[in-house]
Amino acid sequence: MTFEQYAKKVREYVKSHEADFRIAVPSVLIVVFLAGLVMYATYQNMPNIVYQPAKACDLLTPEKAQDLLGEKVISVERNKPTITGDLAVSKCSYTDENPDQNSMVVAAIAVRSGINDEGIKQNKADFKSAMDSEGVEEVKDVGSSAFFNYESGQLNVLHDDKWIIVSYGVGTAPEANTVEKAVELVHKILK
């Protein structure tokens, strides 16, 4: 078949299906346009990740938890950071295998990371605001800045642009957690 014969067959096919093409071409263009809009909207809503968020279980590993809680620990990993706006939060916790649930000791960490410069600024500002709250005590020589919240039994540490929150003590009575135990946990984490 020559090129002229092929071109003639294509013209005949198009002419015989002209009505179908009048419907199909605009439909295809509309679908392509809508797909482009969806992709654009999706791209616009994606967070601007400049800095990879920290993973809590990378900081508080099972080995570090075993140093504190004993050889057998129960792990609760929610290690994958959850991104909201310019911030990401990752959590991880371990308990000993105490059969009395009211006496189980918990070592827990939450890490709040800025995923871009705006997130880091917000993290630092929110940390300072929380540090200026009532019921907290500044803790020296831990991270860039640190404070202990007696009501929640948590040590809050600003370290390398990350806000690290740790809790270490009997899980059913976090208000009984001590600064000393929390600092011990943070030193293990930041090693």
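Our structure is the block above this text.
The following paragraphs examine the structure supplied in this document. Owing to the predicted nature of the structure, the values given are computational and were not obtained by experimental measurement.

1. Observations regarding helix α4 (residues 62-69)
For an α-helix, 3.6 residues make a turn, and residues three or four places apart therefore share a direction.
Piece 1. Where α4 is concerned, the buried positions are Lys64, Ala65, Leu68 and Leu69. The buried residues of α4 all sit within an arc of 120 degrees when viewed along its axis, so they share a single face. Exposed and oriented more than 90 degrees from the buried face of α4 are Glu63 and Asp67.
Piece 2. Buried residues along α4 sit against α3 (56-59), β1 (73-84), β2 (87-96), β3 (105-114), β7 (162-170) and α6 (179-190).

2. Looking at the pattern of salt bridges
Piece 1. The full count for this structure, using the stated rule, is six salt bridges.
Piece 2. Across the pair lysine 124 and aspartate 161 runs a salt bridge whose closest N-O atoms are separated by 3.1 Å. One end of the pair, lysine 124, is in helix α5 (residues 117-131); the other, aspartate 161, is in the loop between β6 (154-159) and β7, and 37 residues separate them in sequence.
Piece 3. Residue classification places lysine 124 among the partly exposed positions, given a relative accessible area of 39%.
Piece 4. A salt bridge links lysine 140 to glutamate 138; its shortest N-O distance comes to 3.4 Å.

3. Concerning the side chain of serine 145
Piece 1. On the secondary structure map, serine 145 appears in strand β5 (residues 145-149).
Piece 2. Serine 145 has contacts with Phe127, Met131, Asn156, Val157 and Leu158, leaving out every residue within four places of it along the chain.

4. What to know about the nonpolar core
One recurring pattern in soluble globular proteins is that nonpolar side chains are buried together.
Piece 1. Among the nonpolar cores identified, the biggest contains 28 residues, and Ile109, Val139, Leu155, Val166 and Leu185 are the most heavily contacted of them.
Piece 2. If you list the elements that add at least two residues to this core, you get α3, α4, β2, β3, β5, β6, β7 and α6.
Piece 3. The contact partners of isoleucine 109, leaving out residues within four places of it in the chain, are Ala56, Leu59, Leu60, Ser90, Lys91, Cys92, Ile164, Ile165, Val166 and Ile189.
Piece 4. Core analysis: the second largest hydrophobic core is formed by five residues, Phe127, Met131, Phe147 and Leu158 among them.

5. Some points on a nonpolar patch on the surface
Piece 1. A cluster of nonpolar side chains, contributed by Met1, Phe3 and Tyr6, occupies part of the molecular surface with about 450 Å² of accessible area.
Piece 2. Within the secondary structure, tyrosine 6 sits in helix α1 (residues 3-16).

6. Let's talk about the packing of aromatic side chains
Piece 1. Taken as a whole, this structure holds three aromatic pairs when the rule is applied.
Piece 2. Relative to phenylalanine 147, the ring of phenylalanine 127 lies with its centre 5.2 Å away and its plane at 55 degrees, an arrangement referred to as tilted. Separated by 20 residues along the polypeptide, phenylalanine 127 in helix α5 and phenylalanine 147 in strand β5 bring together distant segments of the chain. Summarising the burial analysis for this pair, phenylalanine 127 and phenylalanine 147 share the class buried.
Piece 3. Ring centres 5.3 Å apart and planes at 80 degrees place the aromatic pair phenylalanine 127 and tryptophan 163 in the edge-to-face group.

7. Quick look at the state of the cysteines
Piece 1. All told, the structure shown has one disulfide when counted by the stated rule.
Piece 2. In this model, cysteine 57 is linked to cysteine 92 through a disulfide, with the two sulfur atoms separated by 2.0 Å. Taking the torsion about the S-S bond as the criterion, the cysteine 57 to cysteine 92 disulfide, at about 100 degrees, is right-handed. Note that cysteine 57 is positioned in helix α3 and cysteine 92 in strand β2, a separation of 35 residues in sequence. Both residues of the pair, cysteine 57 and cysteine 92, count as buried.

Thresholds, definitions, all that
- Residues numbered from 1 in each chain as written.
- Predicted model: local features only at pLDDT ≥ 70, side-chain atom pairs only at ≥ 80, totals over all residues.
- Heavy atoms only, no water.
- Buried < 20%, exposed > 50% of the residue type's maximum accessible area, 1.4 Å probe, protein only.
- Helix = DSSP H or I, 4+ residues; strand = E, 2+ residues; numbered from the N terminus.
- Arc of directions from axis to C-beta.
- Contact = heavy atoms within 4.5 Å.
- Salt bridge = Lys/Arg side-chain N within 4 Å of Asp/Glu carboxyl O.
- Core = buried A, V, L, I, M, F, W, Y, C linked by side-chain atoms within 4.5 Å.
- Patch = residues over 30% accessible without salt bridge, like charges linked within 9 Å, V, L, I, M, F, W, Y side chains within 5 Å.
- Areas by Shrake-Rupley, 256 points an atom, 1.4 Å probe, with all protein chains shown as cover.
- Phe/Tyr/Trp six-rings, centres within 6.5 Å; stacked < 30°, edge-to-face > 60°.
- Disulfide = S-S within 2.5 Å.

The analysis is restricted to geometry; functional conclusions fall outside its scope.
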